[in-house]
Amino acid sequence: MPALGVPTLGTTALGGETGVLRDPPVVSGVAATTTANTSANSTVSWSYTQPQGRPQSYYRVQAKNSAGNTTHYDSGWLLGTDTTYVLDIDDEGIPVAATNKWVVSVKDSVGSFSSEASANVTYAWGNPQAAMTTLEGVTVPSDAQMTITQAQNVTLAWSFSDGGNTQSFYRVRVLDKDTTIELHDSGWTAGSGTSYDIPFTFSNGVEYDIRLQLKNNYGVRSN
């Protein structure tokens, strides 16, 4: 007599793993730091769980506008079990005087399931303004075009404004105006000073482009 086919009770097959019960991973507690740190760094953090104890294998961090319909930054899928992600939001062009929606997505160690969570974080990191005031002690005109009279010991002075924020770094560069070749770069220099003696020998008859950038105490740079 043929054997009677009786169904075997057992676990549910999910994600291509026969006989293995697996629930989607869960990401929660998304947050991001907003404290001043002179580097414009914000640390995005989250919590990860998976009911069967499978570890996180991939994560993805995105910054969007508060409505969630414009993406300012996307890390792409990154391999790892990290639950924090640090980035310079000024470098990445993420608005530093706005509310951003941070979206975190995760995958478990099998990787076929993913989930995401988000949080709105408001930044008020200022809008620093730099204005050149004098060069060689002479007031810089409104059109920023002037003639210098000495080859060395040229001092640039400036003003900084940004509400109640303070200056934390400055950077002065000298470029050949015709070729845009950079001839001198002070690099980002820590300090609240408002003048810089340019250690460069200027040549007679050559046009130069002197550029100034400042950072506030949140690490946000001026234009």
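### Overview of the overall build of the chain
Part 1 of the argument: A count of helical and extended segments in the chain gives zero helices and 16 strands.
Part 2 of the argument: Computed over the C-alpha atoms, the radius of gyration of the chain is 27 Å, more than 25% above the 17 Å expected from 2.2 N^0.38 for a compact globule of 223 residues.
Part 3 of the argument: Counting across all 223 residues of the chain, residues that qualify as buried make up 36%.
Part 4 of the argument: Long-range contacts, defined as pairs at least 24 residues apart, comprise 60% of the intrachain contacts of the chain with a sequence gap of at least 6.

### Points about the pattern of salt bridges
Part 1 of the argument: Taken as a whole, this structure holds six salt bridges when the rule is applied.
Part 2 of the argument: Of the charged contacts in the structure, one is a salt bridge between Asp185 and Arg171, with a shortest N-O distance of 2.7 Å. Highlighted residues: Asp185 in strand β13 (residues 182-185) and Arg171 in strand β12 (residues 167-176), separated in sequence by 14 residues.
Part 3 of the argument: Between Asp209 and Arg211 there is a salt bridge, and its shortest N-O distance comes to 2.9 Å.
Part 4 of the argument: Since its relative accessible area comes to 25%, Asp209 is described here as partly exposed.
Part 5 of the argument: Since its relative accessible area comes to 36%, Arg211 is described here as partly exposed.

### Overview of unusual backbone geometry
Part 1 of the argument: Despite not being glycine, Glu136 has its phi angle at roughly 60 degrees, a positive value.
Part 2 of the argument: Inspection of the secondary structure assignment puts Glu136 in the loop between β9 (129-135) and β10 (138-139).
Part 3 of the argument: Positive phi outside glycine occurs at Ala144, with the angle close to 55 degrees.
Part 4 of the argument: Relative to the helices and strands, Ala144 resides in the loop between β10 and β11 (154-161).

### Some points on the pairing of strand β4 (residues 71-74)
Part 1 of the argument: With three bridges joining them, strand β3 (residues 56-65) and β4 adopt antiparallel strand pairing. Paired with Lys64 across the two strands is Thr71, which belongs to β4.
Part 2 of the argument: Linking β3 to β4, which pair antiparallel, is a turn of five residues; within it Gly68 sits at a positive phi near 80 degrees.

### A few points about the environment of Pro128
Part 1 of the argument: Relative to the elements of secondary structure, Pro128 occurs in the loop between β8 (114-122) and β9.
Part 2 of the argument: Through-space distance from the C-alpha of Pro128 to that of Ala36 is 14 Å; in sequence the pair is 92 residues apart.
Part 3 of the argument: Residues contacting Pro128, with those up to four places away along its chain left out, are Phe160, Ser161, Asp162, Asn216, Val220, Arg221 and Ser222.

### Some details on the side chain of Gln56
Part 1 of the argument: For Gln56, the position within the fold is in strand β3.
Part 2 of the argument: For Gln56, a relative accessible area of 5% translates into the label buried.
Part 3 of the argument: Of the polar contacts made by the side chain of Gln56, one reaches the backbone oxygen of Asp82; its length is 2.8 Å.
Part 4 of the argument: If we ignore the near neighbours within four places in the chain, the residues touching Gln56 are Trp46, Tyr48, Gly80, Thr81, Asp82, Thr83, Val106, Lys107 and Asp108.

Thresholds applied
- Position numbers for residues count from 1 along each chain, tracking the sequence in the order it is written.
- Predicted model: local features are reported for residues with pLDDT of at least 70 only, side-chain atom pairs are reported and counted for 80 or more only, and whole-chain, interface and lining totals are derived from all residues.
- Excluding hydrogens and water, the side-chain values take into account all heavy atoms of the structure.
- Runs of H or I in DSSP of at least four residues are treated as helices and runs of E of at least two as strands, each being numbered from the N terminus.
- We compute the radius of gyration over the C-alpha atoms and compare it with the globule rule, which gives 2.2 Å times the number of residues raised to the power 0.38.
- Residue exposure (1.4 Å probe, protein chains only): buried if accessible area is under 20% of the type maximum, exposed if over 50%, otherwise partly exposed.
- By definition, residues are in contact when any of their heavy atoms lie within 4.5 Å.
- The working definition used for a salt bridge is a side-chain nitrogen of Lys or Arg within 4 Å of a carboxyl oxygen of Asp or Glu.
- The criterion for strand pairing is that DSSP finds at least two bridges linking the strands in question.
- Whenever a nitrogen or oxygen atom comes within 3.5 Å of another N or O atom, the pair is scored as a polar contact, on the condition that within protein one atom can donate a hydrogen and the other can accept it, and that pairs from neighbouring residues in sequence are kept only if both atoms are in side chains.

Any functional reading would require information that these geometric values do not contain.
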